[in-house]
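Here is how the chains run, residue by residue.
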Amino acid sequence: TAGGGWMHKTNKYLDIIDKTFRDTGLSSVFLCGKDKKFQEKNSRIYKNNKSFKFLGWLEAQEVASWINKSQAILAFSVAQMSVETGLLAKPIFIADYIKGQEDGYKIVLQEKHVAKFLPGTPEEKMDLLKTFLMDANPIKNVSLLSWKNELRKSPENIREFLDKL
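Figured I'd write up the structure that's included with this text. (Residues numbered from 1 in each chain as written. Predicted model: local features only at pLDDT ≥ 70, side-chain atom pairs only at ≥ 80, totals over all residues. Heavy atoms only, no water.)

### Some details on the pairing of strand E2 (residues 52–55)
Relative to E2, strand E1 (residues 28–31) runs parallel, the two sharing 4 bridges. Among the inter-strand pairings, Val-29 is bridged to a residue of E2, identified as Lys-53. Between the parallel pair E1 and E2, the chain is carried across by helix H2 (residues 36–45), and the sense of this crossover is right-handed. (Pairing = 2+ DSSP bridges. Helix = DSSP H or I, 4+ residues; strand = E, 2+ residues; numbered from the N terminus. Right-handed = clockwise from strand over helix to strand, strands pointing away.)

### Observations regarding the packing of aromatic side chains
As enumerated under the stated definition, the model contains 9 aromatic pairs in all. Seen from their ring centres, Tyr-46 and Phe-52 are 5.0 Å apart, and the 50 degrees between their planes marks the pair as tilted. Residue class for Phe-52 comes out buried when judged on its relative accessible area of 10%. A ring pair is formed by Phe-93 and Phe-132, whose centres lie 5.7 Å apart and whose planes are at 25 degrees; its orientation type is stacked. (Phe/Tyr/Trp six-rings, centres within 6.5 Å; stacked < 30°, edge-to-face > 60°. Buried < 20%, exposed > 50% of the residue type's maximum accessible area, 1.4 Å probe, protein only.)

### Looking at a nonpolar patch on the surface
A surface patch of nonpolar side chains, about 470 Å² in accessible area, is lined by Ile-158, Phe-161, Leu-162 and Leu-165. Tracing the backbone shows Ile-158 in helix H7 (residues 141–163). (Patch = residues over 30% accessible without salt bridge, like charges linked within 9 Å, V, L, I, M, F, W, Y side chains within 5 Å. Areas by Shrake-Rupley, 256 points an atom, 1.4 Å probe, with all protein chains shown as cover. Salt bridge = Lys/Arg side-chain N within 4 Å of Asp/Glu carboxyl O.)

### Concerning helix H4 (residues 79–87)
Along H4, the positions that sit buried rather than exposed are Met-81, Ser-82, Thr-85 and Gly-86. Taken around the axis of H4, the buried residues stretch over an arc of 125 degrees, which confines them to a single face. On its buried side, H4 packs onto helix H3 (60–69), strand E3 (73–75), strand E4 (92–94), helix H5 (103–111) and H7. Just past H4, the residue Ala-89 takes up positive phi, approximately 55 degrees. (Arc of directions from axis to C-beta. Contact = heavy atoms within 4.5 Å.)

### Focus on the environment of Asp-96
Inspection of the secondary structure assignment puts Asp-96 in the loop between E4 and H5. Residue classification places Asp-96 among the buried residues on the basis of a relative accessible area of 11%. Sequence spacing of Asp-96 and Lys-37 is 59 residues, and the spatial spacing of their C-alpha atoms is 22 Å. Every residue in contact with Asp-96, bar those within four places of it in the chain, is listed here: Lys-9, Ala-75, Phe-76 and Ser-77.

### Remarks on the pattern of salt bridges
Counting across every chain of the model gives 3 salt bridges. With a shortest N-O distance of 3.1 Å, Arg-22 and Asp-18 are connected by a salt bridge. Overall, Asp-18 belongs to the buried group, its relative accessible area being 13%. Of the charged contacts, one joins Lys-112 and Glu-150 as a salt bridge, the two residues approaching to 2.8 Å between their closest N and O atoms. Remark: Glu-150 occurs in helix H7 and Lys-112 occurs in the loop between H5 and strand E5 (115–117); sequence separation between them is 38 residues.

### Overview of the sheet that holds E3
Taking strand neighbours across the sheet as the criterion, the 3 strands line up as E3-E4-E5 in an open arrangement whose pairing is parallel. Two strands bound the open sheet, and with one partner strand each, they are E3 and E5. Averaged over all pairs of adjacent strands, the angle between strand axes in this sheet comes to 20 degrees, irrespective of strand direction. The pairing of E3 with E4 spans 3 bridges and is classified as parallel. From the neighbouring strand, Ile-73 faces E4, where its bridge partner is Ile-92. On top of the sheet, helix H6 (residues 122–134) reaches E3, E4 and E5; it is set at about 165 degrees to E4, its chief contact. (Axes fitted to C-alpha atoms, helices over the stretch in contact; angles between N-to-C directions.)

This is the structure we're talking about:
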């Protein structure tokens, strides 16, 4: 997930995700945004993989619906996804992020225990993700619910802060 910037990073992962998760019963949904070329190209390449779905531009409610149906989010950029997934109490596995720009998001999400950075090569990252999803998810529901509640209170906390100014 995560908008246009992730797509260039994702290309090196698609074959690996296909191979790693082929016989697991898990599906991968790629939110391609406005990049029709990426969506159409990969829809053709992976047309025989029924567990891959490439979606174009979606309204916020549609994105939320897909996130809500998900077991977890694999992120290649974390800024926007951190809020969307947090409000729906879904764990985030970070395959990549925009270094320098998103370091703070990565740190906060890991400190809140709602995200796990996947180290290593793309192959190692996907093997680790498979282990987490199939056997031992390190992200616990209590952390996800706490983060969700914190995010839901944010507008109220901001209003209280502004009222004091």
